[in-house]
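So you can see what is in the structure, the chains are spelled out below.
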Amino acid sequence: MNRKKPAIISPSLLSSDFSRLAEELAALEQAGVKWVHWDVMDGAFVPNITFGPPVIKACRQNSELFFDVHLMIEQPDRYLADFVDAGADLLCVHVEACLHLERTISEIVRLGAKPAVSLNPHTPLHVLEYILPQVHMVLIMSVNPGFGGQKFIPFSTRKVRELRDMMEQQGVDAHIQVDGGVTPANIRELADCGADVFVSGSAFFGFPPYAQRLKTFLDAVK
Ligand code: DX5
Ligand code: ZN
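Residues numbered from 1 in each chain as written. Chains lettered and ligands numbered in written order. Predicted model: local features only at pLDDT ≥ 70, side-chain atom pairs only at ≥ 80, totals over all residues. Heavy atoms only, no water.

K.L.:
I'd like to hear about the nonpolar core, residue by residue, with values.
P.N.:
Core analysis: the largest hydrophobic core is formed by 63 residues, its most contacted members being W38, V69 and L128. Setting aside anything within four residues of it in sequence, one finds V69 in contact with W38, V40, I56, F83, A88, L90, L91 and C92. Listed in part, the eleven residues of the second largest apolar core include W35, F66, A116 and M141. (Core = buried A, V, L, I, M, F, W, Y, C linked by side-chain atoms within 4.5 Å. Buried < 20%, exposed > 50% of the residue type's maximum accessible area, 1.4 Å probe, protein only. Contact = heavy atoms within 4.5 Å.)

K.L.:
Can you break down the pairing of strand β5 (residues 114-119) residue by residue, with the values?
P.N.:
When you tally the buried positions in β5, you get five out of six residues, the bulk of the element. Two elements, strand β4 (residues 90-94) and β5, share five bridges in a ladder whose sense is parallel. Within the sheet, the bridge partner assigned to H94 lies in β5 and is S118. Here four bridges tie β5 to strand β6 (residues 137-141), and the two strands are oriented parallel to one another. Bridged to A116 within β6 is M137. (Helix = DSSP H or I, 4+ residues; strand = E, 2+ residues; numbered from the N terminus. Pairing = 2+ DSSP bridges.)

K.L.:
Talk me through the coordination of the zinc ion (ligand 2); I want residue IDs and the actual numbers.
P.N.:
Protein ligation of the zinc ion (ligand 2) involves H37 (NE2), D39 (OD), H70 (ND1) and D179 (OD), the donor distances falling in the range 2.0 to 2.3 Å. Each of the six donor atoms bound to the zinc ion (ligand 2) contributes to angles spanning 69 to 168°, and the resulting shape is octahedral. Ordering the donors of the zinc ion (ligand 2) by residue number gives the pattern H-x1-D-x30-H-x108-D. Here H37, found in strand β2 (residues 35-41), pairs with D179, found in strand β7 (residues 175-179); they are 142 residues apart in sequence, far enough to count as distant. (Donors = N, O, S within 2.8 Å, 3.2 Å for Na, K, Ca; no water. Tetrahedral: all angles 85-135°; square planar, octahedral: opposite > 155°, others 65-115°.)

K.L.:
Describe the packing of aromatic side chains, and please don't skip the residues or the numbers.
P.N.:
This model, assessed by the stated rule, comprises eight aromatic pairs. Ring centres of W38 and F51 lie 5.3 Å apart, and the angle between their planes is 90°; this geometry places the pair in the edge-to-face category. Note that W38 is positioned in strand β2 and F51 in the loop between β2 and α2 (53-60), a separation of 13 residues in sequence. Each member of the pair W38 and F51 is classed as buried. Measuring from ring centre to ring centre gives 5.3 Å for F205 and Y210, while their planes differ by 75°; the resulting arrangement is edge-to-face. (Phe/Tyr/Trp six-rings, centres within 6.5 Å; stacked < 30°, edge-to-face > 60°.)

Here is the structure:
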């Protein structure tokens, strides 16, 4: 059975030039990128602090990209409405940060965004068993969140394969996103295992021009 979906590359702005965010977004769009990954960090769930709704809202004014917003924050329920108001198309919360995950997912849907859940590397897949039919995407973290430029954790590949199997068993056709240490060298194996959305920060922004880099990633999955 051919279970591969068309690959989507979602460059992580964490590795972009923060002093030129609007230009970076325009350059991505110009290069043919469709999704862009916003790493929101609160200094509590992860050690770093990045940006929040006001920055996303300002950038939304001049961008048609699909805003894929990865919330690495404690108690994300406090800010869901603010992020949707800012222009997030998809909100991805961490299961480790949600005490009442079903409520959080339902609230994201009610607000009009696509709901997604993320798992830290050590978090087992079974936490998703009952919630899987309600999510648009599952994000498998392939590094411990908090920093760009880390090394891919090898067991993530098996985790992706087992998640795709779990989805098929349930008749669920959601996206599987992989985030952390993704490069043109490992994207193919991840796609073969059932991932279809690939986040890349350092391995994308470090290699301009972006149109060429996007092609390198996509050619590697073909
Ligand atoms: C890590 C972030 C990632 C990160 C990926 O906490 O969630 O999105 O930016 O960066 P690279 O591709 O450099 O590992
Ligand atoms: Zn991320």
